[in-house]
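Topology and contacts: notes
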Amino acid sequence: MFPIMIDLSDQKVVIAGGGSIAFHKVENLLRFGIRPHIVSPKCHPAIEQLAADGKIFIHRKKVEWTDLEDAFLIMLVTDDKEVNAQMAKLAVLHGKLVVHAEHNDLGNAQIPAVLIRGKLMISVSTGGASPTLSTKIRNQLEHEFDERYEDYLDFLFDARQYIKSHIHDRPERRIWLKKAVETRYLEYPEEREYYMTELFSRYPAF
Ligand SMILES: C[C@@]1(CC(=O)O)C2=NC(=C\c3[nH]c(c(CCC(=O)O)c3CC(=O)O)Cc3[nH]c(c(CC(=O)O)c3CCC(=O)O)/C=C3\N/C(=C\2)[C@@H](CCC(=O)O)[C@]3(C)CC(=O)O)/[C@H]1CCC(=O)O
Ligand SMILES: NC(=O)c1ccc[n+]([C@@H]2O[C@H](COP(=O)([O-])OP(=O)(O)OC[C@H]3O[C@@H](n4cnc5c(N)ncnc54)[C@H](O)[C@@H]3O)[C@@H](O)[C@H]2O)c1
């Protein structure tokens, strides 16, 4: 398995199956701003509600290849083992990203447990050994990587953008980038201000 971050904002995501696991997958996608298509003859009431609110799309039918062929990412969560296996085989063959929620080896992608702190994202995966352990580790990390990281990451982002466009000497760039990850900048917002003030005065914008 190769870990990678993928921008799915302009991509079609299709979930085959509309039960409780589909709902869990939908909720996760929605927090990333992704509006999936659900293909299922029957759906969990919470999925029906999301469709009524215009947040997702429902196709009330049994899944067929034509429902999946223009998708970028496919999640197979019907309770029909044969359908999941058959669709997974076709989708992998056609080069799709495929999550098979029961037998992960029949797909080629898996969803990790995720901790989000603004621009910081920490993903935990056990390769299907124990989603429970992934969740436990993610929950433990919540304490170390607390809410302070949200503003801290914004500071790091802004500083880095400025450094990239104003410091052309690479060793000097590295000095500034390394300095920004010193703990005091996480702990004390005023230290971030001193850093930026010093950066602007050493490397003026004009
Ligand atoms: C991380 C997370 C992300 C997400 O789904 O969003 C995720 N599962 C989560 C939770 C969870 N899932 C299950 C339990 C019950 C306890 C247990 O079984 O351990 C719990 C724990 C709980 O609910 O606390 C049941 C389960 N899950 C899979 C199977 C089938 C199998 O065994 O392979 C079965 C048994 C079905 C059955 O009983 O028949 C399979 C997969 N689940 C994965 C991801 C992929 C592997 C990731 C990894 O290894 O790290 C993989 C391979 C495919 C996939 O991507 O779906 C999410 C955390 C949500 C969060 O962030 O809070
Ligand atoms: N990855 C995970 O985290 C995880 C966790 C638990 C279970 N699972 C697996 O996920 C699958 C679904 O579990 P669930 O609890 O949501 O089941 P469920 O019974 O609640 O829902 C099954 C859904 O599949 C739909 N369906 C059935 N045949 C279909 C077809 N031919 N085409 C389209 N949709 C069809 C049904 O209408 C229903 O909406 C099971 O295979 C289960 O083993 C995965």
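Below: a short report on this structure. This is a predicted model, so every value here is computed, not measured.

What counts and what doesn't
- Residues numbered from 1 in each chain as written.
- Chains lettered and ligands numbered in written order.
- Predicted model: local features only at pLDDT ≥ 70, side-chain atom pairs only at ≥ 80, totals over all residues.
- Heavy atoms only, no water.
- Near = heavy atom within 4 Å.
- Polar contact = N/O pair within 3.5 Å; in protein donor to acceptor, adjacent residues only side chain to side chain.
- Areas by Shrake-Rupley, 256 points an atom, 1.4 Å probe, with all protein chains shown as cover.
- Helix = DSSP H or I, 4+ residues; strand = E, 2+ residues; numbered from the N terminus.
- Domains from an automatic or database assignment.
- Expected span 1.5 Å × (residues − 1).
- Buried < 20%, exposed > 50% of the residue type's maximum accessible area, 1.4 Å probe, protein only.
- Arc of directions from axis to C-beta.
- Contact = heavy atoms within 4.5 Å.
- Axes fitted to C-alpha atoms, helices over the stretch in contact; angles between N-to-C directions.
- Parallel < 35°, antiparallel > 145°, perpendicular 65-115°, else oblique.
- Phe/Tyr/Trp six-rings, centres within 6.5 Å; stacked < 30°, edge-to-face > 60°.
- Pairing = 2+ DSSP bridges.

Next up on the list: the site of ligand 1. Among the 21 residues in the neighbourhood of ligand 1, the closest are listed as Lys25, Thr126, Gly128, Thr132 and Ser134. In the model, an oxygen atom of ligand 1 is placed 3.0 Å from a nitrogen or oxygen of the His24 side chain. Note that an oxygen atom of ligand 1 is positioned 2.9 Å from one of the side-chain N or O atoms of Arg138. Surface burial for ligand 1 is 62%, taken as the share of its 1,000 Å² of free accessible area covered by protein chains. When residues of the shell around ligand 1 are traced back to their parent elements, those giving at least two are helix 1 (20–30) and helix 5 (131–144). The leading source of residues in the shell around ligand 1 is helix 5, at five residues. Mapping the shell around ligand 1 onto the domain boundaries places at least three of its residues in each of domain 1 (1–110) and domain 2 (112–146).

This next bit is on helix 9 (residues 189–202). For helix 9, with 14 residues, the first-to-last C-alpha span of 20 Å sits near the 20 Å given by 1.5 Å per residue. Within helix 9 the residues assigned to the buried category are Arg192, Tyr195, Met196 and Leu199. End-on, the buried residues of helix 9 take up no more than an arc of 95°, which puts them together on one face. Across from the buried face of helix 9, at angles greater than 90 degrees, the exposed residues are Glu193, Tyr194, Thr197 and Ser201. Contacts made by the buried residues of helix 9 are with helix 6 (148–166), helix 7 (170–180) and helix 8 (183–187).

In this section: the packing of helix 6 against helix 7. Interhelical geometry of helix 6 versus helix 7 gives an angle of 175° and a closest axis separation of 10 Å. In terms of orientation, helix 6 and helix 7 fall into the roughly antiparallel class. Contacts between helix 6 and helix 7 involve Tyr152, Phe155, Leu156, Arg160, Ile163 and Lys164 from the first element and Arg173, Trp176, Leu177 and Ala180 from the second.

Right, let's get into the packing of aromatic side chains. Going through the model one piece at a time under the given rule, you end up with nine aromatic pairs. With a centroid separation of 6.0 Å and an interplanar angle of 75°, the aromatic rings of Tyr149 and Tyr152 are classed as edge-to-face. Note that Tyr149 and Tyr152 are positioned in helix 6 at a spacing of three residues, about one turn of the helix. Across the pair, exposure class does not vary: Tyr149 and Tyr152 are buried alike. Ring geometry for Trp176 against Tyr203: centres 6.4 Å apart, planes inclined by 85°, an arrangement best described as edge-to-face. Taken as a pair, Trp176 in helix 7 and Tyr203 in the segment after helix 9 lie far apart in primary sequence, 27 residues in all. A residue is classified by how much of its surface remains accessible, and Trp176, at 3% relative accessible area, is buried. Residue class for Tyr203 comes out buried when judged on its relative accessible area of 17%.

Spatial strand order, 3-2-1-4-5: five strands in an open sheet with parallel pairing. Each end of this open sheet is capped by a strand with a single partner; those strands are strand 3 (57–59) and strand 5 (97–100). Here the average twist between neighbouring strands, direction ignored, is 20°. Relative to strand 2 (residues 37–39), strand 1 (residues 13–16) runs parallel, the two sharing three bridges. Bridge pairing in strand 2 places Val14 opposite His37. Packing of helix 1 onto the sheet brings it into contact with strand 1, strand 2 and strand 4 (73–76), and relative to strand 1 it is tilted by some 165°. Of the strands in this sheet, strand 4 and strand 5 touch helix 4 (residues 81–93), which is tilted by about 160° from strand 5.

Remember that the coordinates give geometry; whether it matters functionally is a separate question.
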